[in-house]
Amino acid sequence: MGAIQLWRRVRQADKPVAVTVGTGNVLLCGGLFLMMIGGALGLFEATTREQETAARTLAGQIFGCWLASGLMLFSLMGMFRSLFSHLVTMLAPPVILILILIVAYAL
C-alpha cells in the first residue's frame, strides 16, 4: 500500500471518525464533570477534602492530556473534521457549564 492510498483512506474515514470522536468526547466530559464534583453514583464518591482535591486534579490532568493528544493526532493525520469535532466537543461543555454557573450566581 502506497502513501497516497493510505492518505485517501484516512481522508475517507474522516467523517465517521468525527462523529465517533464527538460522541466519545461528550461522554468523557460528562464523566469528568461528575468526577470533579465528587459524585458519580458512588463511582467517584469523595468523602474527605483530600480525596476531592485528588479527584479534581486527576480529572483536570485527564482532560488536558486528552485534549492535547487529540489535537496533535488529528492535525498530524490531516483529519480536519475530526479535529474540529474534537475541539468543539472538548471545549464547549466546560464553557457552557461555566456560563450556567455565572447566570445562576447572578440570579
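Just so it is clear, the model here is predicted, and its values are computed rather than measured. (Residues numbered from 1 in each chain as written. Predicted model: local features only at pLDDT ≥ 70, side-chain atom pairs only at ≥ 80, totals over all residues. Heavy atoms only, no water.)

## Description of the overall build of the protein chain
Tallying secondary structure elements over the protein chain gives 4 helices and 0 strands in all. For the protein chain, the α and β elements follow one another from N to C terminus as α-α-α-α. What you see for the protein chain is a C-alpha radius of gyration of 17 Å, clearly larger than the 13 Å of a compact globule of 107 residues, by over 25%. For the protein chain, the C-alpha atoms occupy an extent of roughly 55 × 30 × 20 Å along the three principal directions. Here the protein chain, with 107 residues, has 23% of them falling under the buried criterion. Of all intrachain contacts in the protein chain linking residues separated by at least 6 positions in sequence, the fraction that spans at least 24 positions is 65%. About 7,700 Å² of surface is accessible on the protein chain, with carbon and sulfur atoms providing 74% of the total. For the protein chain, the distance from the average site of its 7 positive side-chain charges to the average site of its 4 negative ones is 24 Å. (Helix = DSSP H or I, 4+ residues; strand = E, 2+ residues; numbered from the N terminus. Rg over C-alpha atoms; globule rule 2.2 N^0.38 Å. Buried < 20%, exposed > 50% of the residue type's maximum accessible area, 1.4 Å probe, protein only. Contact = heavy atoms within 4.5 Å. Areas by Shrake-Rupley, 256 points an atom, 1.4 Å probe, with all protein chains shown as cover. Lys, Arg positive; Asp, Glu negative; His and termini not counted. Charge placed at Lys NZ, Arg CZ, Asp CG, Glu CD.)

## Let's talk about the layout of surface pockets
For the largest pocket, the calculated volume is near 240 Å³. Among the secondary structure elements, those contributing two or more residues to the lining of the largest pocket are helix H2 (14–36), helix H3 (49–77) and helix H4 (80–106). Ranked by residues supplied to the lining of the largest pocket, first place goes to H4 with 5 residues. Looking at the lining of the largest pocket residue by residue, the classes come out as 12 nonpolar, 1 polar and no charged. (1 Å grid on protein atoms, 1.4 Å probe; cavity = no way out; pocket = protein on both sides within 12 Å on 5 of 7 lines; lining within 4 Å. Points joined across faces, edges and corners; volume = space filled by probe spheres on them. Nonpolar A, V, L, I, M, F, W, Y, C, P; charged D, E, K, R; others polar.)

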